[in-house]
Amino acid sequence: MSSAPPSGPPASPAPPPGLPGLSAPRLPSPLTEVADERFARHGVRLLLKRDDLIHPELVGNKWRKLVPNLRAAARAGERTLLTFGGAYSNHLRATAAAGRLLGLATIGVVRGEELADRPLNDSLARCAADGMRLHFVTRAAYRRRNDPEWIAGLRDRFGPFFLIPEGGSNVPAVRGAAGLGRELRGAADVVAVACGTGGTLAGLAAGLADGQRAIGFSVLRGCFLAGEVARLQHAAFGGRRGDWRVEDRFHCGGFARTTAGLEAFARDFQDRHGLPDLDRVYVAKMLHGLTVLAGEGAFPPGTSVAAVVTG
């Protein structure tokens with residue numbers, strides 16, 4: 001890989017303010033250019049923004065969204081964190097790891113009551129090993145995760161806790177994710193990121209400079225994510241910010257779903273560029289979508305595209 005010009009300030013060696021149990025992040029995250037003829041033949045440069053290398057234990061890009069929430073919990077004096085996620089949620093893993101590092105109790109409300117009677121997958125097993133209490137609920141109940149009455153029932157069951165929304169996507173998180181966009185100012189014409197809850201895209205787009213645009217690749221079925229990104233931006237910034245859109249064609253059937261074609265693409269991309277075990281839930285879908293768009297001529301010759309590797 002050849003290195004792209006560095007962007008943003010140098011990384012600080014100090015732990016994040018107010019969270020001495022966490023080691024210093026690697027910020028700005030590395031930005032490298034890769035030679036890929038599927039892009040080069042169309043005159044497009046591909047760069048990888050390695051947000052998966054920010055922190056050794058807070059997996060993927062979760063540092064940007066989770067740390068603002070951890071600071072808020074510390075200011076409030078809370079000792080227990082409760083959050084939500086699916087069976088393969090990177091957010092649950094990051095929250096569990098943060099709890100262990102900071103000496104906080106963690107509770108993960110997991111979508112899918114039937115999972116309670118099955119062996120834990122690798123993601124949930126890691127959560128449990130980090131001390132997270134897993135609470136499995138039906139899909140109908142999980143849809144009430146933003147219902148104050150249902151949340152009150154969780155408080156009755158578990159006692160006081162600091163609530164972090166699914167994916168960590170709230171106003172502090174969106175503002176934290178804006179740092180990703182600021183690190184990429186002037187580094188690429190187009191920035192792509194995989195989307196589950198929309199918080200990273202909402203912040204990323206707000207942080208980019210004029211003339212840059214962002215594409216969010218939804219990993220979920222249904223064309224609802226654009227509305228959620230707009231809602232998050234309005235809550236965080238008072239209105240829409242940046243030039244962005246959501247691409248809904250590459251979810252491969254829904255969250256944590258895959259296909260033989262996606263598996264083959266991911267293995268090939270790993271081999272071409274020396275990446276270890278490319279994440280299939282998020283990153284592989286985004287990279288596959290970018291490759292298809294390049295082949296369709298979506299990017300004019302001379303375009304530089306930065307793909308955010310979130311985990």
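Residues numbered from 1 in each chain as written. Predicted model: local features only at pLDDT ≥ 70, side-chain atom pairs only at ≥ 80, totals over all residues. Heavy atoms only, no water.

Peer 1: Hey, could you run me through the environment of phenylalanine 224 in this one?
Peer 2: Mapped onto the secondary structure, phenylalanine 224 falls in the loop between strand S9 (213–218) and helix H9 (225–237). Judged by relative accessible area, which is 45%, phenylalanine 224 ranks as partly exposed. Taking the C-alpha atoms as reference points, phenylalanine 224 and aspartate 248, 24 residues apart in sequence, are found 9.3 Å from one another. (Helix = DSSP H or I, 4+ residues; strand = E, 2+ residues; numbered from the N terminus. Buried < 20%, exposed > 50% of the residue type's maximum accessible area, 1.4 Å probe, protein only.)

Peer 1: Please clarify how helix H7 (residues 171–183) should be interpreted in this entry.
Peer 2: Each turn of an α-helix holds 3.6 residues, which means side chains three or four residues apart point in the same direction. For H7, the full list of buried residues reads Ala173, Val174, Ala177, Ala178, Gly179, Leu180, Gly181 and Glu183. Buried residues along H7 sit against strand S3 (45–49), helix H2 (62–76), helix H8 (199–207), H9 and strand S11 (304–308). One side-chain oxygen of the residue at the start of H7 lies 3.1 Å from the amide nitrogen of alanine 173, identifying that residue as asparagine 170. (Contact = heavy atoms within 4.5 Å. Polar contact = N/O pair within 3.5 Å; in protein donor to acceptor, adjacent residues only side chain to side chain.)

Peer 1: How should I be thinking about the nonpolar core in this particular structure?
Peer 2: Among soluble globular proteins, nonpolar side chains are generally buried collectively. Among the nonpolar cores identified, the biggest contains 32 residues, and Met286, Leu287, Leu290 and Phe299 are the most heavily contacted of them. Contributions of two or more residues to this core are made by S3, strand S8 (190–195), S9, helix H10 (260–273), helix H11 (283–295) and S11. Looking at this core, the element that brings in the most residues is H11, giving seven residues. When sequence neighbours within four positions are dropped, the list of residues in contact with leucine 290 reads Phe39, Ala192, Phe217, Phe299, Val305 and Ala307. Listed in part, the 24 residues of the second largest apolar core include Val174, Ala187, Ala236 and Val246. (Core = buried A, V, L, I, M, F, W, Y, C linked by side-chain atoms within 4.5 Å.)

Peer 1: Would you mind going over the packing of H10 against H11 with me for this structure?
Peer 2: When two helices pack together, their arrangement is given by the angle between the helix axes and by the axis-to-axis distance. At a closest axis distance of 10 Å, the pairing of H10 and H11 adopts a crossing angle of 90°. When the interaxial angle is binned, H10 and H11 end up roughly perpendicular. The segment H10 lies against H11, with Leu262, Phe265, Ala266 and Phe269 engaging Ala284, Lys285, Leu287, His288 and Thr291. (Axes fitted to C-alpha atoms, helices over the stretch in contact; angles between N-to-C directions. Parallel < 35°, antiparallel > 145°, perpendicular 65-115°, else oblique.)

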